[in-house]
Amino acid sequence: MRELTYGQAIKEAMTLEMRQDEDVFLMGEDIGVYGGCFGVSLGMLEEFGPERVLETPISELGFVGAGIGSALLKMRPIVEIMFSDFSTVCYDQIVNQAAKIRYMFGGKNSVPIVIRMPDGAGTGAAAQHSQSPEAWYTNVPGLIIIAPSTPYDAKGLLISAIRNDNPVLFFEHKLLYGMKGEVPEEYYTLPIGKADIKREGSDITVATYGRMVHLCLSAAEELLEEGISLEVVDLRTLSPLDKRTIIESVKKTGRLLIVHEAHKTGGFGGEIAATVTESEAFYYLDSPIERCCSMDVPIPCSLELEKNVLPTKERIIASARGLMK
Amino acid sequence: MRELTYGQAIKEAMTLEMRQDEDVFLMGEDIGVYGGCFGVSLGMLEEFGPERVLETPISELGFVGAGIGSALLKMRPIVEIMFSDFSTVCYDQIVNQAAKIRYMFGGKNSVPIVIRMPDGAGTGAAAQHSQSPEAWYTNVPGLIIIAPSTPYDAKGLLISAIRNDNPVLFFEHKLLYGMKGEVPEEYYTLPIGKADIKREGSDITVATYGRMVHLCLSAAEELLEEGISLEVVDLRTLSPLDKRTIIESVKKTGRLLIVHEAHKTGGFGGEIAATVTESEAFYYLDSPIERCCSMDVPIPCSLELEKNVLPTKERIIASARGLMK
Amino acid sequence: MIENELIIEMYKRMWLIRKFEEKINEYFSRGEIHGTCHLCIGEEATAVGSIFALKKSDYVHGTHRGHGQAIAFGTDVNSMMAEIFGKATGLCKGKGGSMHIADVEKRYLGSNGILGASMPISVGAALALKKKKCEDTVVLCLFGDGSSNQGAFHEAMNLAALWKLPLIFVCVNNLYGMSMSIDRSMSDPDLTKRSLPYGIRSISIDGNDIMGVYETVSEARSYVLGNGPMLIVENTYRHMGHAKMDANRYRTKEEINSWKQKDPIKRAGELLLKISAASEQDLVQYESDAAERIENAVRFALESPVLAIEKIADDVFAGEVVSDA
Amino acid sequence: MIENELIIEMYKRMWLIRKFEEKINEYFSRGEIHGTCHLCIGEEATAVGSIFALKKSDYVHGTHRGHGQAIAFGTDVNSMMAEIFGKATGLCKGKGGSMHIADVEKRYLGSNGILGASMPISVGAALALKKKKCEDTVVLCLFGDGSSNQGAFHEAMNLAALWKLPLIFVCVNNLYGMSMSIDRSMSDPDLTKRSLPYGIRSISIDGNDIMGVYETVSEARSYVLGNGPMLIVENTYRHMGHAKMDANRYRTKEEINSWKQKDPIKRAGELLLKISAASEQDLVQYESDAAERIENAVRFALESPVLAIEKIADDVFAGEVVSDA
Ligand SMILES: Cc1ncc(C[n+]2csc(CCOP(=O)(O)OP(=O)(O)O)c2C)c(N)n1
Ligand SMILES: Cc1ncc(C[n+]2csc(CCOP(=O)(O)OP(=O)(O)O)c2C)c(N)n1
Ligand SMILES: [Mg+2]
Ligand SMILES: [Mg+2]
């Protein structure tokens, strides 16, 4: 099958949607001739023109709010926030407006907005440009939160996100943009709220998402040589969480390793652990639940320091080995 | 001993600090003649004058940022955000500035700011004025997070917070302001990062904080009649978390019930569960870990609906009973 | 003649608002309504004059002090009253309450509990109108003097002007944001200046003169359709406290009384008499009709049931979120 | 005479910046520096002219494009270079990198990666000066044209004016925010208008005229001490792309070249010759001295060690957080 990068897959999803639905439009900073900070939308201005590839001033609060307002009038905006770290300046619009408008107003309307946000570290961009901020949002009812790990998933999930009538936060890991994978040419959707077992295994369930999926998969490959078999569950959607798949996997393996790039304390890993320990899977656990995450420090700039703050394949392997002791 | 309300205890802490240290000042909306939305600072303008009880326009981003800037120059601002829900509009200043400035700049400075925020539901103020937003912050390294449950704790912890050289988020539950308790007249501090066992017990560890402490205590009282003994651990500080106290308690009781008013999914309860299941206490657990929290819906306005969304003594009792089965 | 009828209609509507607010105040004062509320008594002409000048196809985004705006828009007072009483028959099923009256489907975009947040959302609504080529439709966004100090104001003004949107910004200047008078919250209290950097025309008018308001907004409506946004400052006063529990310590009795002399309803009544559009008796009749209408609304609200508890969790999301695409 | 020496000093400093930036660019282009960086080549006169006009006791808050500002301030180029190379000898121990050069203790409040965030922080710094009665001290806050579209601008302007703070706002207008030209990002590109609503004086000047900048800021310094804030718009141009990976698709070669003709260093050199303050030979010497200084800085950086990994977690908090009060 044809291969696309993760970035191209995202562009294709947006393009297909914008071709078939006049109400879909893209909004954000430098998404036009510049093609977006990571080049994802390069060429879209030429195809769709400046009204549908709507460039904004540096006003995240303003344009995310504008996206929400347009969604209330049944447009389907895709809003790009250049770095997920900047969602702090429009946090109110996401948390108190987009997430709550439907419920608060009695369910008579909806806010079909997709907010795309590059996240993650590894580029040496330091503390304010390297975060994995999903846990800022997972305690907010009303938001759908997606973090795809492959080009295939990115395209299918983004189309589903655009079709969905609810606000969706769509986290794209910067280091994945250049990653290649098979992507069908046609229009397809993937289910929201369904995890995907990226690799089956019998000894340890690894619950993970985003870029970490790939580190876990290579750790799994390596560990197999030592006779340790990982089952890699790619959550794909964090909210709503596919509890069933995690629980069933843990019932099978008896061990749980949680891997995410966000800082450990207060990260989404806690939710995954709690999901398992409040379910019947609790009784199947053979060992403590382990979390392999970023250290609890702002992401440092220097290559060496940054590398040591983030989860690595080696740390994942060590965690898995620890669980088997 | 003399009794004060929780609100008076907070005022006393601020007053004592402002009397002894010229660098401490209070800033926020309507904190002057109005006395603050919940009347906490009533009378302070008269004692300290408008420069030290500095009223601000409706500009949370502006004045929280101003607090941070003044802290960089070694002032010790106490900033009141009228409702913790509004911290969304200045989220960047808290998360990307206050929390990170020290680390990012190599440790050469500090940001001694205290941000006081009334939180919680129960007043019928609906989705945008009733939240318990601590989990928006617990994944952010660099912040100290405190949520006192009694007048005594509030005074001692607030003084410690003001004395501390780091940014502190200080969550005050609105429904506690009127609650009375013994408070010594003198200046005293309480340790940050130390949980307090508000009631000893042998069957179930209840990890909780803020207003929920009181619900748990009365649940404990009632459950004792059925022969169920709860150990109520008041975390007091969420970041840094006093893991040791929780772990030791669970090792003793073998059961863990987590109670918080924030929504269940993505709430801080996950972190508590994970803390236990990755520690040696895991081996002592006799039953699944239970969470009793608010439902995953924006807080509704109507009395009946609101009541049913929040954790209640009855629900806590039911959860505890469930754990003993 | 047509104008006479218009004034009569507006006069009636103002009474409907006044009676609504007085009734609400009664119940609130007795503690019989759960929640908080912001009354607009004294400001009725800003709501009615502004909104009557719109066409049926136009959209309105109201403020936290929004009962009058919703009633001016034509929102059913029964459902509003039921909403404030927290009933299932309320506009938002009791989930929103006083601060979240909305009827998005009918183009009333709602009140907002977060000051400033409505402005970017209104920009988005107006953007959608432009995108959907609704050529004779505008958005009217109301906000208070205090709220104009939020950063959202600046971003929304710039975007609206840049995109030349059909958007009327109405600043309801009642001289105070809670206890903060406008000359203490703004470095220059001339609100009309605030739109000048964006090339947005502005005008300041007597907000208690119903016909003046009506005419200004009518003209503004035509203006913004061709020329992009405009700002209207409507100067008025709130007779009551900011919300429940307001000792009015920040204003003098004299000031309040002097503004009561300028009561917009009284003025409109005098106008009707002067132009012989109504007799003294008519006026009395209009008032008592309104009172009766409100009595009915209260009856309706009191007799209505609370939402069935099993429906609490409805309305968080639209449609099925966990899709099996 | 004194003026001649001043110009010579400023000329030398501009070369130091230029050489610094060129060297950084070299290493970045070869991928030998981890991270991103924003070069200020072409804008040196804004940094040097503005900051030379300050007194040693003054504070500066720089922009994300801040190397030149830091060097103008007198920050040691060795430690800056080491910081950008991610070394332990860097100003921030390699934790901050290019975007977070700061030396708060020495009154350089740092660069900020979040656009707009520096403005409220600067307000706070100026507020602290006022509180501490530092009567001959000001804060200079720099920001870009694009960043002036953030809500923080509005809030900071209002607060600064309201509190009459000794604060100079300097807008470095290089006509673009990334790929967005100022006439596309602002409804009215006249930046001086933006301060008028707050009663803040503003002036627009040639930012490539070093003496003009110096004099304007000198005057502004006296002005703000007595009168509260002022806004200076310094018009200039960046010769290089926005950051690494910028194809400059949004500007023409002609435009870039025409601005290269107005190079501020060349202009200052011509001025020195004209007033006979330096000979051609002197100028060559100054340039090569700067180049040598930077070579040394690179050597220092390259030879410096990376921070010991066990120190990664230092500097998150000041002092002992878990207190045993
Ligand atoms: C972001 C935010 N900050 C503060 C508040 C609390 N608050 C509610 S109404 C109000 C005063 C608003 O003043 P103004 O905009 O003039 O409207 P008015 O109440 O006078 O109608 C305040 C401070 C809020 N709801 N949201
Ligand atoms: C809140 C926020 N939004 C977006 C960005 C990404 N960004 C970094 S620099 C830049 C352009 C800034 O333009 P301007 O303020 O004019 O400064 P210049 O780069 O021209 O010096 C952008 C969009 C950011 N760092 N922070
Ligand atoms: Mg007002
Ligand atoms: Mg610029």
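Enquirer: Can you walk me through the coordination of the magnesium ion (ligand 4) in this structure?
Expert: Perfect tetrahedral coordination of a metal by four donors corresponds to 109.5 degrees between them, and perfect octahedral coordination by six donors corresponds to 90 or 180 degrees. All names here are of chain D. Listed as protein donors to the magnesium ion (ligand 4) are Asp145 (OD), Asn174 (OD1) and Tyr176 (O); their distances from the metal cover 2.0 to 2.1 Å. All donor residues of the magnesium ion (ligand 4) come from one chain, and their arrangement in sequence is D-x28-N-x1-Y. With a gap of 31 residues between them, Asp145 in the loop between strand 3 (139-144) and helix 6 (151-162) and Tyr176 in strand 5 (residues 176-177) connect regions that are remote in the sequence. By relative accessible area, which is 9% here, Tyr176 ends up buried.

Enquirer: What exactly am I supposed to notice about the site of ligand 2 here?
Expert: Near ligand 2 lie 21 residues; those nearest to it are Glu60(A), His64(D), Arg65(D), Gly113(D) and Ser147(D). More than one chain reaches ligand 2: the nearby residues come from chains A and D. At 2.8 Å, a backbone N or O of Gly146(D) approaches an oxygen atom of ligand 2. For ligand 2, whose accessible area on its own is 580 Å², the fraction buried by protein is 98%. Its atoms largely coinciding with the cavity grid, ligand 2 occupies the second largest pocket. Looking at the shell around ligand 2, its residues break down into seven nonpolar, ten polar and four charged.

Enquirer: I keep staring at the packing of aromatic side chains and nothing clicks. Help me out?
Expert: Two aromatic rings are characterised by how far apart their centres lie and by the angle between their planes. One pass over the structure, following the stated rule, counts 43 aromatic pairs over all chains. Here Trp136(A) and Tyr91(B) contribute two aromatic rings whose centre-to-centre distance is 5.5 Å and whose plane-to-plane angle is 80 degrees, an arrangement assigned as edge-to-face. Within this pair, whereas Trp136(A) is found in the loop between strand 5 (114-119) and strand 6 (144-146), its partner Tyr91(B) is found in helix 4 (residues 91-98), the two belonging to separate chains. The exposure classification of Trp136(A) matches that of Tyr91(B), with both residues buried. Here a set of aromatic residues connected by ring pairs shows up, and it is made of Tyr91(A), Trp136(A), Tyr137(A), Phe171(A), Tyr91(B), Trp136(B), Tyr137(B) and Phe171(B). Above the plane of the ring of Tyr176(C) lies Arg251(C), whose end atom (NZ or CZ) is 5.7 Å from the centre. Of note, Lys131(D) hangs over the ring of Phe25(B), and the distance from its end group to the ring centre comes to 4.3 Å.

Enquirer: I'm lost on the site of ligand 1 in this one. Help?
Expert: Near ligand 1 there are 21 residues, and of these Glu60(B), His64(C), Arg65(C), Gly113(C) and Ser147(C) occur at the shortest range. One of the side-chain nitrogen or oxygen atoms of Arg65(C) is found 2.7 Å away from an oxygen atom of ligand 1. One of the backbone nitrogen or oxygen atoms of Leu115(C) is found 3.2 Å away from a nitrogen atom of ligand 1. Considered on its own, ligand 1 offers 580 Å² of accessible surface; in the complex 98% of this is hidden by protein. Broken down by class, the residue content of the shell around ligand 1 amounts to seven nonpolar, ten polar and four charged.

Enquirer: In this structure, what is going on with the interface of chain D and chain B? I would like to understand it.
Expert: A common measure of how large an interface is: the accessible area buried when the components associate. Residue-level contacts link 46 residues of chain D with 51 residues of chain B. Of the roughly 3800 Å² buried at the junction of chain D and chain B (both faces included), carbon and sulfur atoms supply 64%. When the buried surface of chain D facing chain B is broken down by residue, Ile121(D), Lys131(D) and Phe317(D) rank first, second and third, together holding 15% of it. Run the count over chain D and chain B and you get one salt bridge. Across the pair Asp23(B) and Lys132(D) runs a salt bridge whose closest N-O atoms are separated by 3.6 Å. The interface formed by chain D and chain B includes 15 residue pairs in polar contact (both at pLDDT 80 or more). Of all the secondary-structure elements, those providing two or more residues to the side of chain D that touches chain B are strand 2 (108-110), helix 5 (118-131) and helix 6 of chain D. By residue number, the principal contributor to the side of chain D that touches chain B is helix 5 of chain D, which donates nine residues.

Enquirer: Is there a simple way to explain the packing of helix 4 (residues 77-84) of chain C against helix 11 (residues 280-303) of chain C in this structure?
Expert: When two helices pack together, you describe them by how their axes are tilted relative to each other and by the distance separating the axes. Residue and element names in this part refer to chain C. At a closest axis distance of 8 Å, the pairing of helix 4 and helix 11 adopts a crossing angle of 50 degrees. Judged by the inter-axis angle, helix 4 sits oblique to helix 11. Handedness of the crossing formed by helix 4 with helix 11: right-handed. On helix 11, the residues touching Val77, Asn78, Ser79, Met81 and Ala82 of helix 4 are Arg293, Ile294, Asn296, Ala297, Val298, Phe300 and Ala301. In the contact of helix 4 with helix 11, the residues fall into eight nonpolar, three polar and one charged.

Enquirer: What should I look at first to understand the packing of helix 1 (residues 2-29) of chain D against helix 10 (residues 264-274) of chain D in this one?
Expert: Residue and element names in this part refer to chain D. Here helix 1 crosses helix 10 at 150 degrees, and the two axes come no closer than 10 Å. The angle between helix 1 and helix 10 falls in the class roughly antiparallel. Crossing geometry of helix 1 relative to helix 10 is assigned as left-handed. Here Asn4, Ile7, Ile8, Tyr11, Met14, Trp15 and Arg18 of helix 1 come into contact with helix 10, specifically with Pro264, Ile265, Ala268, Gly269, Leu271 and Leu272. In terms of residue class, the contact of helix 1 with helix 10 is made up of ten nonpolar, two polar and one charged.

Enquirer: Before we go on, may I ask you to explain helix 1 (residues 6-20) of chain A in this structure?
Expert: The α-helix advances 3.6 residues per turn, and as a result positions three or four apart in sequence lie on the same side. Residues and elements named next belong to chain A. With 15 residues, helix 1 should cover 21 Å at 1.5 Å per step; its first-to-last C-alpha distance of 22 Å lies within 8% of that length. Counted residue by residue, helix 1 has eleven buried out of 15 residues, so it is predominantly covered. Among the residues of helix 1, Tyr6, Gly7, Ala9, Ile10, Glu12, Ala13, Met14, Thr15, Leu16, Glu17 and Met18 are the ones counted as buried.

Enquirer: What am I meant to see in the pairing of strand 13 (residues 256-263) of chain A here?
Expert: The side chains of a regular strand alternate, first on one face of the sheet and then on the other. Residue and element names in this part refer to chain A. For strand 13, a buried count of eight out of eight residues is recorded, marking the element as mostly surrounded by other parts of the structure. Sheet topology places strand 13 next to strand 14 (residues 290-294); four bridges connect them, and they run parallel. Bridge pairing in strand 14 links Ile258 to Arg291. Handedness of the crossover joining strand 13 and strand 14 through helix 9 (residues 269-277): right-handed.

Enquirer: Any chance you could explain the sheet that holds strand 9 (residues 196-199) of chain A here in plain terms?
Expert: Consider a sheet: its strands pair through backbone hydrogen bonds, and that pairing is either parallel or antiparallel. Residues and elements named next belong to chain A. Strand order in the open sheet formed by five strands is 9-11-10-13-14, with mixed pairing between adjacent strands. Looking at which strands have only one partner, the edges of the open sheet turn out to be strand 9 and strand 14. Strand-to-strand twist in this sheet, taken as the mean axis angle between neighbours without regard to direction, amounts to 25 degrees. Of the strand pairs in this sheet, strand 10 (residues 204-208) and strand 11 (residues 230-234) are connected by five bridges, and their pairing is parallel. Paired with Ile204 across the bridge in strand 11 is Leu230.

Basis of the calculations
- Residues numbered from 1 in each chain as written.
- Chains lettered and ligands numbered in written order.
- Predicted model: local features only at pLDDT ≥ 70, side-chain atom pairs only at ≥ 80, totals over all residues.
- Heavy atoms only, no water.
- Donors = N, O, S within 2.8 Å, 3.2 Å for Na, K, Ca; no water.
- Helix = DSSP H or I, 4+ residues; strand = E, 2+ residues; numbered from the N terminus.
- Buried < 20%, exposed > 50% of the residue type's maximum accessible area, 1.4 Å probe, protein only.
- Near = heavy atom within 4 Å.
- Polar contact = N/O pair within 3.5 Å; in protein donor to acceptor, adjacent residues only side chain to side chain.
- Areas by Shrake-Rupley, 256 points an atom, 1.4 Å probe, with all protein chains shown as cover.
- 1 Å grid on protein atoms, 1.4 Å probe; cavity = no way out; pocket = protein on both sides within 12 Å on 5 of 7 lines; lining within 4 Å.
- Sits in = over half its atoms within 2 Å of the grid points.
- Nonpolar A, V, L, I, M, F, W, Y, C, P; charged D, E, K, R; others polar.
- Phe/Tyr/Trp six-rings, centres within 6.5 Å; stacked < 30°, edge-to-face > 60°.
- Lys NZ or Arg CZ within 6 Å of the ring centre and 35° of its normal.
- Contact = heavy atoms within 4.5 Å.
- Buried area = accessible area lost by both parts, 1.4 Å probe.
- Salt bridge = Lys/Arg side-chain N within 4 Å of Asp/Glu carboxyl O.
- Axes fitted to C-alpha atoms, helices over the stretch in contact; angles between N-to-C directions.
- Parallel < 35°, antiparallel > 145°, perpendicular 65-115°, else oblique.
- Left-handed = near helix turned anticlockwise from the far one by under 90°.
- Expected span 1.5 Å × (residues − 1).
- Pairing = 2+ DSSP bridges.
- Right-handed = clockwise from strand over helix to strand, strands pointing away.

These figures capture arrangement, not role.
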